[in-house]
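Residues per chain are reported as follows:
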Amino acid sequence: MNDLAGNQTVIEIVYLVASALFILSLRWMSSPSTARRGVRAGELGMLLAIAGTLLHHGIVDYKWIVIALVLGTGIGIPLGRVQMTAVPQRTALSHAFGACCVTLVGTAEFYLRTPNVAPFMMAVLSMEVILGSLTFTGSLMAAGKLQEILPQPPLTYRGQNVVNLSLLGVSIALAAYLVRHPGASHLFPLMAGIPLVFGILMVIPIGGADMPTVISLLNSYAGLSAAAMGFVLDSKLLIIAARWTALPA
Amino acid sequence: MSSSLINGLFIFMLAGFIGFEVIRRVSPLLHTPLMSLTNALDAIAVVGAILIVGEHKSTLSTVLGVVAIIAATSNVVGGFLITDRMLRMFKTSRPTKP
């Protein structure tokens, strides 16, 4: 027991240092002369955070973690080497990935915890999953439009806003129901699925030229949803890092 | 409300102010690299995914977690790489400016 507690202290201290490095990273980004140092600080902070997490005593199986980390790195390297002209698409795509991660973690957390989810926790979890889902498909749509895989011109039809908002409304109503009855796990896929459709419908009426605005909006959604995840996992590091992502927008 | 929740809210509020103050000073020139850097930092969500996979509580949670780690790691790696590349371009093009 003592040993475990000691381990936990080490992890928290590592997270503390990582948080400080993240602050410095953004701080150094403010001027071109120190900006690259900022990137280094960010990288170091990220490495520390991941290494610290691997020390966690609850982790019993490393095999899949390592496989997933390697696969992710394999996908990340080509994404870091795209043409500079393709940066907007890449940014949109990475929002989609980030949102995907947060949504999946939220979903996993829900199924692990149901039916014993405290009301506040369930509300935060719902927010995480709803924002994450709509950011995921919305960002994919935005990336598709920017890459010109999808038609660029805006597609509008009568009653579009009514349809979109009522979809979102249904999802929020389901979330509210789940807050009261967290055992109703059959409703969860519906709550998480509707925002996926909403994300697509939200971006359809927007033309290619307005995409940057959409992307920064989706960026802030992704940040908020990750901050929500920080609350669910009780991780200060996550709350801090995610909170900033919501800001530049 | 539990005390850890209150702590979380305090941190959320403080981080908001720090973030705002720090980012406000970033010159508009650097907004694009800043965006990709925060993107990489946002992928700190990988920490949560690692815990879920490592705890191996159910098949569903492990599968979801593995996909989540892959998605987040690709953001970390890709985000840092591209930010660095942008900044390198910056450095080489700077001396030509008056």
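Note that the structure is a prediction, hence the values are computed from the model and not measured.

## A few points about the confidence of the model for chain A
Then step 1. For chain A, per-residue confidence averages 82 on the pLDDT scale, and 91% of positions sit at 70 or higher.
Then step 2. The element-level mean pLDDT for chain A is lowest in helix 9 (residues 236-246) of chain A, coming to 63, with helix 2 (residues 35-54) of chain A highest at 90.

## Details of the packing of helix 4 (residues 87-113) of chain A against helix 8 (residues 211-233) of chain A
Residue and element names in this part refer to chain A.
Then step 1. Axis separation between helix 4 and helix 8 bottoms out at 10 Å; the angle between their running directions is 25°. When the axis of helix 4 is compared with that of helix 8, the two are roughly parallel. When you trace helix 4 past helix 8, the crossing you get is left-handed. Of the residues in helix 8, those touching helix 4 at Pro 88, Thr 91, Ala 92, His 95, Gly 98, Ala 99, Val 102, Val 105, Gly 106 and Glu 109 are Met 211, Pro 212, Ile 215, Leu 218, Asn 219, Ala 222, Ser 225, Ala 226, Met 229 and Val 232.
Then step 2. For the contact of helix 4 with helix 8, the class distribution of residues is 13 nonpolar, 6 polar and 1 charged.

## Structural notes on the interface of chain B and chain A
Then step 1. Contacts between the two partners involve 71 residues from chain B and, on the opposite side, 74 residues from chain A.
Then step 2. Counting residues per element, the ones that place at least two in the side of chain B that touches chain A are helix 1 (3-24), helix 2 (31-42), helix 3 (46-55) and helix 4 (59-93) of chain B.
Then step 3. Per-element accounting of the side of chain B that touches chain A gives the leading share, 26 residues, to helix 4 of chain B.
Then step 4. Here the residues of the side of chain B that touches chain A are counted per class, giving 43 nonpolar, 22 polar and 6 charged.

## Describing the domain arrangement of chain A
A common way to express how large an interface is: the accessible area buried when the components associate.
Then step 1. Partitioning chain A into structural domains gives domain 1 (1-60) and domain 2 (71-246).
Then step 2. Relative placement of domain 1 of chain A and domain 2 of chain A: their C-alpha centres are 25 Å apart.

Rules behind the numbers
Residues numbered from 1 in each chain as written. Chains lettered and ligands numbered in written order. Predicted model: local features only at pLDDT ≥ 70, side-chain atom pairs only at ≥ 80, totals over all residues. pLDDT = per-residue confidence, 0-100. Helix = DSSP H or I, 4+ residues; strand = E, 2+ residues; numbered from the N terminus. Axes fitted to C-alpha atoms, helices over the stretch in contact; angles between N-to-C directions. Parallel < 35°, antiparallel > 145°, perpendicular 65-115°, else oblique. Left-handed = near helix turned anticlockwise from the far one by under 90°. Contact = placed C-beta atoms within 7 Å. Nonpolar A, V, L, I, M, F, W, Y, C, P; charged D, E, K, R; others polar. Domains from an automatic or database assignment.

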